[in-house]
Amino acid sequence: MRISLQHQSRRLLALTVAVAVSAVSVWADITVSFSKIPLSRAMREVERVSELRFFYKSTLPGLDRPVSVSVKNATERQVLDRMFAGSKLDYRLGANNNVAVFEKGTEPPKDVTAAAREGGVKETFTVNGRVTDENDEPLIGASVRVKGNPSNGVATDVDGNYTLNNVAKGDVLEFTYVGYTPASVKVTHGGAYDYRMNAADNVLNEVVIVGYGSQKKVNLTGAVSVVKAKDVNGRPTGNAATALQGADPALNLSMGSGGPNAGASINIRGVASINGGSPLVLVDGVEMDLTRVNANDIESVSILKDASAAAIYGAKASAGVVLVTTKSGELDATPKVSADLKAGWRRQTVSTDFVTSGFWSTYINDQANLNHGGNPYTNYDEYDYAEMWMRLGQTTESAERPWAIPTSDKHWRYYANHDWYSHYYRKSRPMQDYNVSITGGSKRVNYYVSGRAYFEDGVMNIDNDKYKSYSMRAKLDIKVTDWLKYRVNTSFFESTYERSGSSDLNDFFYRSANHALASFPSTNPDGTSLWDISGIITVGTAKVSDGYNALLNYGKHKNKDQNREFMVKNAIEITPVSWWTINADYAYLYRNLNREMRRVPVPYSNTDGIVGWIDGAADSMCWDMFTRGMTNNTTQTINAYTTVSPSFGDHNLKVTAGFNGEIYRHLYFKGERQDLMSPDVNSLNIATGEVKDFKDEINNSVTYGYFARVNYDYAGKYLLELSGRYDGSSRFAKNHRWGFFPSASAGWRFSEENFFEPVRDWWSNGKIRLSYGSLGNQQVGYYDYIQKITTNQLMDNLTFDGTTYVPYASVSAPPASDLTWEKVITYNAGLDLSFLNSRLNFTGDMYIRDTKDMLTSGADLTAVYGASVPKANCADLRTKGWELAVSWNDDFKLLGSTFRYSVGAGIGDYSSKITKFDNSNYKIGSHYVGERLGEIWGYTIDGLFSSDEEAAEYMKHIDGSTYVYSDIYTQGPYRGLHAGDVRYVDVDGNGEITPGEGTVKKPGDMRVIGNSTPRYNYNFRGSIEWKGIDISAFFQGIGKCDWYPGNEARTFWGPYCRPYNAYLPADFLSNVWNEDNPDAYFPRLRSYEAYGSKNSMGAGPNTRYLQSLAYLRLKNLTVGYTLPVLKQYFQELRLYFSGENLCYWSPLKKHCKTIDPETATNSGKKTNDALTYGFSKSFSFGVNIVF
Amino acid sequence: MFKTKCIYYLMLVLLLGVVPASCSDDDSTHVPSFSVIKVTPEKDVYKVGDVVRCSISQTAPASEDLRDASYWWYASWWFADSEMKADFQEFDADGVNTSSEITLTQAGDVTLYFFGRVEFPNYDWRKVEIGKKIKVVE
């Protein structure tokens, strides 16, 4: 079935591409209608709608004879026969669609084309000229063609020159060039027709894609940002999501990790609800995942930020909308083949300089553990330390000084200098990215076909993880008749990610560094792997790398994730009259995820000559088991809407109304069974043991919406937009399914007023925008309104027969009967300004967003209720924010060539506050009224004790023994506080360091010490182009964000959390307090101080170790050079270097260079511990070829 | 001309100032200096089963910020033998450190080592490793 589906989807895609290409070449049907017009005019009409070209003498009789023809999809001859029926004239159809017209009874020309040239049937000329830009620079590759005769066209050469033959008097020359306003010139004579083209006025004439249509940017009344193709195309990133990061200050896009197949977390203007919620991402009108989109296919991205702009999307748009529009072909465009080929490598963004000395690794951890509980971590004595000291500085094992020695009882003793980081991770890995696209169009059909292959090696060193993805897109627009257009858009995406290790990659990042001192090698001299060294090397229990070392060395654990996504969209557009269009489309999106996981028992040894096995009982990663999980999602989207846009003098009206329906179906199947007959064959068919898990899950949801939007403007001066949507969702009970969400916005282009005349020379545009809108948030569970029974669950460790686990069922919490939409109400005020002929542009927005009726646990119920509190719509949130963006574009002459440059910057901020929540006691840890989202409550530390005497004096007055100092008071050789320990401030002056009653009103010594919400999201970019050289740089950052490292943030805390961590920063000891280093950042070395809740740094956040995650990152730097050679073969040949995430500056680096500020809060296992797939910087070299 | 001369002399002064500064060693912390290892009895070739002692003299003291130091003797064939332990010894009043008796058990070119761990403040610990190769025959 899997193979069949794959083949079917590929076949369908291939068929679509084939249709797209073949349709262009074979189209010949003519649809034309005219009545009683002179034959000469009739010929022009036919020329306009077909490829036919008529040649005749103007002195022929009967050219003014009235003719009538009305045909639909007729052949050329059918049309010609009708035109000349009963006429004194006849025709002969020759090559190249040339039609010679001659008088009946005379000799017809044998060679129509020759006759046309020779016979003076129609006066033609040769025209030539030079096409330049405003600065008289030649435009290379500009298209010059005769209007209505696309076959008669050329592209300008390297000097901007062109020559066109067979141009008749009265013909119109059309000049087109990307980025310039198209122009046309009527031919009156042969000879020179030079033309200077004007750059398109990108700001005032820019058209922005909005919901179910497009609008001129100057007429927008909602808050909409646009990211252009040039800002995302060509970036050396795996997908569109990473390319869009930081592109707009309102778009907060963070990757879950730096992994090749990581998902993206997106929000616009912050979270819209405490329950989360993501913006609606539509790719060509279909809801899709940005990580599955090829950034090179993107034409533009519109970010609809306020409710007014997003209202037309209703139920799913409460968190904003991201509209991605992919590229399309152009009518009457010569075919263009573009290739963007690049290869490069990736490296970690952070320092990987860790302690690799066995001596120091063991010494630091032993000392930390000794100071905490009185015992070192290892049982190494002074002789063992001498052995490690003698091997200090040896990066490889030598025959004279081996790293593992058998003891008299045949256990291994280890004295290695093992670099565990390099053992597990690659510091440099290759990537390749190949993009090809073909685009073009004829009079009736245009097409865009693209394909991409992307390969990336992952960071894992052993049995390297590999990611590869393939994507294709084919778009075909057919002008069936003058009033009917048909569009088909297909896309296909497939990715495969293969890796060794356990199924849970985050578990690897979380556990593999445990019990992995640099003094432990990976393998024993006999090749067996290290695992259980409890009591042999260590005082307590220790399994080297928590089993990952042995597991990866054995290499039988295999994991494979395969994503496939196929989309086909068919659309028609009917234009009965010029001001009325009717659109309908149907899209089918199929997504499939196939996940395979193979686990096996793993061999290890701690004794020379004896091999043991790690099995499932010892570690659940090592069951002999195979798991297959398959997810199939289908989404069907139907849109039908109509737009009328009549104008009455200066009154312009545009009304859009329609229906949107979405049917979603989710199917998940999982099978997991033990005891396979071979460790090398991965299939459920050869499993003979216990079925561990068997799941069959189906979810459906349906959303229907009726929407309408009215745009009105008076002379482009006063702008008004009203829209509303009536939405129904199957996620709510029958009586609560439907909601109406209205919005209104208005704009005033004061720059169009008469009083503006005196400043119009330098002030190009000015507009004030105001909007209000209400949206629904349906992002709740599929069946939250129903109480559910979960069956087919197995009791852990409970059997009746000793082998089969006991099944059981459980009931979910009772639902609230009136569960319904969360409502998001947004007020927005904006200002758009353009100066100096739109070279300087400014946009600013301020907003308030109220989220009402958020779904959360309702009021506490008495214990006799017997179930958890049902969720209800009972919390409110208010978000306030603002955004500013400014840009400058200009060019000037430098050494005879045009120097183009642009700079731009944007910044945005928001803050969210709870305005309603059922927490009457104001308990900290739950939301409460007045809470700013992201608040970090913590204690205050004002330094380290400088002497034992000072610490003793402190203890006389302050009792911290029950909370922050509990362990220090009760454990280890240095009980009680000493010099170098942290000094907490008794904020409430009650002689204790406690959290009080844990409420806002009685927080003890805790206060709000920071906030984890990223604030002041900013970016700035600049670019220059000169003499074929182009340089662009894009910086992005966060101005404020606090982070308290979680108790597993091991590369930050080192042994202050766990005293057996592999990755100690190389400069760790220089930051640790001792008598010689009293100003150190970290306190007296004691293990677990940052780990346990009764310890000085683990009891909760504190001011001393609160970190700032503010950063500025050079997100992209591209340097390219367009070679001025081989113009006869290539329209463009450009070589370039592109670097992504090249460097960053952050206050975090002061005390931690090993954690990227963007991954600090990420983790697959626990929060705030940065134990996840790290971010990468990439360096790539590429070539752009266009021909 | 005057201006050129001024620039020339200025450059010269800068160069003379910068080069010595960049070459200067401001690291005042240093480990002690030692003589070569003396093996007693002194022979050109030793036999397996011979018993020797090694000694070494401190020729210059460590810098004043020395916190602690430990020294030991070791032989190259001990590295692979967990039964052979470092022979920790201290310097006597004459500044001489002498090993325990070492029985030569392996033929070939073997090395007798003097190791030291010299501890300065703030975990600035430095390694001393001095070896003497001797020939041992069956």
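An account of the accompanying structure is given in this report. (Residues numbered from 1 in each chain as written. Chains lettered and ligands numbered in written order. Predicted model: local features only at pLDDT ≥ 70, side-chain atom pairs only at ≥ 80, totals over all residues. Heavy atoms only, no water.)

1. What about the overall build of chain A?
Just so we agree on the cut-off: For the purposes of this entry, the term helix denotes a DSSP run of H or I that reaches at least four residues, the term strand denotes a run of E that reaches at least two, and both are numbered from the N terminus. Here the globule rule reads 2.2 Å times residues to the power 0.38, and the radius of gyration is calculated from C-alpha atoms. Surface exposure here means Shrake-Rupley accessible area, sampled with a 1.4 Å probe, where a residue is shielded only by the protein chains that are shown.
Assigned secondary structure in chain A consists of 15 helices and 57 strands. Here the C-alpha radius of gyration of chain A, 36 Å, is about what a compact globule of 1187 residues would show, namely 32 Å. A total of about 48700 Å² of accessible surface is found on chain A, and carbon and sulfur atoms cover 54% of it.

2. Observations concerning the packing of aromatic side chains
Residue and element names in this part refer to chain A. Rule in force here: For Phe, Tyr and Trp, rings pair up if their centres lie within 6.5 Å, where Trp contributes its six-membered ring, and each pair is then called stacked (planes under 30 degrees apart), edge-to-face (over 60) or tilted (otherwise). Criterion for a charge above a ring: Lys NZ or Arg CZ within 6 Å of the ring centre, and within 35 degrees of the ring normal.
By the definition in use, this model includes 101 aromatic pairs over all chains. Taken together, a centroid distance of 5.0 Å and an interplanar angle of 20° make the contact between Phe1020 and Phe1035 stacked. A residue pair is termed long-range when its members are at least 10 positions apart, and Phe1020 in strand S51 (residues 1015–1026) and Phe1035 in strand S52 (residues 1029–1040) qualify at 15 residues. Every member of this aromatic cluster is reached through a ring pair, and the members are Phe354, Trp420, Tyr421, Tyr424, Tyr425, Phe508, Phe509, Tyr548, Tyr1063 and Tyr1173. Its end group placed over the ring of Tyr847, Arg269 keeps NZ or CZ at 3.8 Å from the ring centre.

3. Brief notes about the sheet that holds strand S5 (residues 98–103) of chain A
Residue and element names in this part refer to chain A. In plain terms, the rule: When DSSP finds two or more bridges between a pair of strands, those strands are recorded as paired. Whenever a helix is involved, its axis is fitted only over the stretch in contact; in every case the axis is a line through C-alpha atoms, and angles between N-to-C directions fall within 0 to 180 degrees. The contact definition used throughout considers only heavy atoms, calling two residues in contact when any of these lie within 4.5 Å.
Strand order in the open sheet made by the 3 strands is S2-S5-S4, with mixed pairing throughout. The open sheet is flanked by strand S2 (53–55) and strand S4 (89–93), the only strands paired with a single partner. Neighbouring strand axes in the sheet, compared pairwise and without regard to direction, differ in orientation by 30° on average. Looking at chain direction, S4 and S5 are connected through 5 bridges and run antiparallel. Residue Leu89 lies in a different strand from S5, and its bridge partner there is Glu103. Along the sheet face, helix H2 (residues 39–49) touches S2, S4 and S5 and points at about 150° away from the line of S2.

4. Looking at a nonpolar patch on the surface
The condition is simple: Patch membership requires more than 30% relative accessible area and the absence of a salt bridge. Residues of like charge join within 9 Å; the nonpolar side chains Val, Leu, Ile, Met, Phe, Trp and Tyr join within 5 Å. When a carboxyl oxygen of Asp or Glu lies within 4 Å of a side-chain nitrogen of Lys or Arg, that pair is called a salt bridge.
Where nonpolar side chains cluster on the molecular surface, the patch consists of Tyr586, Ile638, Ile663, Tyr704, Tyr706, Tyr726, Trp738 and Phe740 of chain A and spans about 750 Å² of accessible area. Of note, Tyr704 of chain A is situated in strand S37 (residues 691–714).

5. Considering unusual backbone geometry
Here the bond from Thr40 of chain B into Pro41 of chain B is cis, since omega is -5°, no more than 30 degrees from zero. Of note in this structure, Tyr212 of chain A is not a glycine but carries a positive phi near 55°. With respect to the helices, strands and loops of the structure, Tyr212 of chain A is situated in the loop between strand S14 (207–210) and strand S15 (213–216). Of note in the backbone geometry, His515 of chain A takes a positive phi value of approximately 50° without being a glycine.

6. Observations concerning the environment of Phe917 of chain A
Residues and elements named next belong to chain A. Worth spelling out the cut-off: Residue exposure (1.4 Å probe, protein chains only): buried if accessible area is under 20% of the type maximum, exposed if over 50%, otherwise partly exposed.
You can see Phe917 is positioned in the loop between strand S46 (897–916) and strand S47 (935–938). Phe917 gets classed as buried once you look at its relative accessible area, which sits at 14%. As for Phe917 and Gly1174, which are separated by 257 residues in sequence, their C-alpha atoms are 37 Å apart. Every residue in contact with Phe917, bar those within four places of it in the chain, is listed here: Ile274, Thr856, Cys874, Ala875, Ser926, His927, Tyr928 and Val929.

7. Description of the interface of chain B and chain A
This is how the line gets drawn: Here the buried area means the combined drop in accessible surface, using a 1.4 Å probe, for two parts upon being joined, counting both sides. Whenever a nitrogen or oxygen atom comes within 3.5 Å of another N or O atom, the pair is scored as a polar contact, on the condition that within protein one atom can donate a hydrogen and the other can accept it, and that pairs from neighbouring residues in sequence are kept only if both atoms are in side chains. Amino acid classes used here: Ala, Val, Leu, Ile, Met, Phe, Trp, Tyr, Cys and Pro are nonpolar; Asp, Glu, Lys and Arg are charged; the rest, including Gly, are polar.
Taken together, the contact pairs 24 residues of chain B with 22 residues of chain A. Surface buried jointly by chain B and chain A totals about 2200 Å² across both partners, of which 60% is contributed by carbon and sulfur atoms. Note that Arg67 of chain B and Asp1076 of chain A form a salt bridge whose closest N and O atoms lie 2.6 Å from each other. Where chain B packs against chain A, one counts 12 residue pairs in polar contact (both at pLDDT 80 or more). Contributions of two or more residues to the side of chain B that touches chain A are made by strand S5 (68–75), strand S9 (108–120) and strand S10 (124–137) of chain B. The residue makeup of the side of chain B that touches chain A, split by class, is 12 nonpolar, 4 polar and 8 charged.

8. Some remarks on the sheet that holds S10 of chain B
Across the sheet, 5 strands lie side by side as S3-S10-S9-S5-S6 (chain B); this open sheet has mixed pairing. At either end of the open sheet lies a strand with only one pairing partner, and these are strand S3 (45–47) and strand S6 (87–89) of chain B. Strand-to-strand twist in this sheet, taken as the mean axis angle between neighbours without regard to direction, amounts to 35°. Inspection of the sheet shows S5 of chain B paired to S6 of chain B by 3 bridges, in the antiparallel sense. Looking across to S6 of chain B, one finds that Trp72 of chain B is bridged to Phe88 of chain B. Relative to the sheet, helix H9 (residues 382–390) of chain A contacts S5, S6, S9 and S10 of chain B, its axis offset from that of S5 of chain B by approximately 80°.

9. Quick word on the pattern of salt bridges
All names here are of chain A. Per the counting criterion, the structure on display carries 64 salt bridges over all chains. A salt bridge links Glu400 to Arg401; the nearest nitrogen and oxygen atoms lie 3.9 Å apart. Between Arg1086 and Asp981 there is a salt bridge, with its nearest N and O atoms 2.7 Å apart. Linking Arg1086 in the loop between helix H15 (1050–1053) and strand S54 (1107–1108) with Asp981 in the loop between helix H14 (966–970) and strand S49 (982–984), this pair joins segments that are 105 residues apart in sequence. Across this residue pair, the class does not change: Arg1086 and Asp981 are buried. Among the charged side chains, a salt-bridge network with shared partners connects Asp284, Asp297, Arg473 and Lys475.

10. Notes on the side chain of Asp890 of chain A
Residue and element names in this part refer to chain A. By the element assignment, Asp890 lies in strand S45 (residues 871–894). A polar contact of 3.2 Å, which involves the side chain of Asp890, links it to the side chain of Arg839. Ignoring any residue separated from it by four or fewer positions in sequence, one finds Asp890 in contact with Arg839, Phe899, Arg900 and Tyr901.

11. Looking at the pairing of S5 of chain A
All names here are of chain A. Where burial is concerned, most of S5 is hidden: 5 out of the 6 residues are buried. As paired strands, S2 and S5 are joined by 3 bridges and run parallel to one another. Directly across from Phe55, in S5, lies its bridge partner Ala100.

12. Quick word on H9 of chain A
Residues and elements named next belong to chain A. Of all 9 residues making up H9, 7 are buried, and the element is well covered by its neighbours. All of the buried residues in H9 are Asp384, Tyr385, Ala386, Glu387, Met388, Trp389 and Met390. Residue Asp381 occupies the N-cap position of H9, its side-chain oxygen lying 3.0 Å from the main-chain nitrogen of Tyr383.

13. Re the packing of helix H8 (residues 358–373) of chain A against H9 of chain A
Residues and elements named next belong to chain A. Here is the rule: Put simply, angles under 35 degrees are roughly parallel, angles over 145 are roughly antiparallel, angles from 65 to 115 are roughly perpendicular, and the rest are oblique.
At a minimum axis separation of 8 Å, H8 and H9 run at an interaxial angle of 140°. The angle between the axes of H8 and H9 places the two elements in the oblique class. On the side of H8, the interface is formed by Gly358, Phe359, Trp360, Thr362, Tyr363 and Asp366, while H9 contributes Tyr385, Met388 and Trp389. Tallied by class, the residues present in the contact of H8 with H9 amount to 6 nonpolar, 2 polar and 1 charged.

14. Considerations on the nonpolar core
Put simply, the test is: In plain words, nonpolar cores are sets of buried Ala, Val, Leu, Ile, Met, Phe, Trp, Tyr and Cys residues tied together by side-chain atoms within 4.5 Å.
Counting residues in hydrophobic clusters, the biggest one holds 139 residues, and the most contacted among them are Phe520 and Trp1053 of chain A. Looking at this core, the element that brings in the most residues is S9 of chain B, giving 7 residues. Not counting residues within four places of it along the chain, the set of residues in contact with Trp1053 of chain A comprises Tyr1044, Pro1045, Gly1046, Asn1047, Phe1068, Phe1082, Ala1090, Met1097 and Tyr1105 of chain A.

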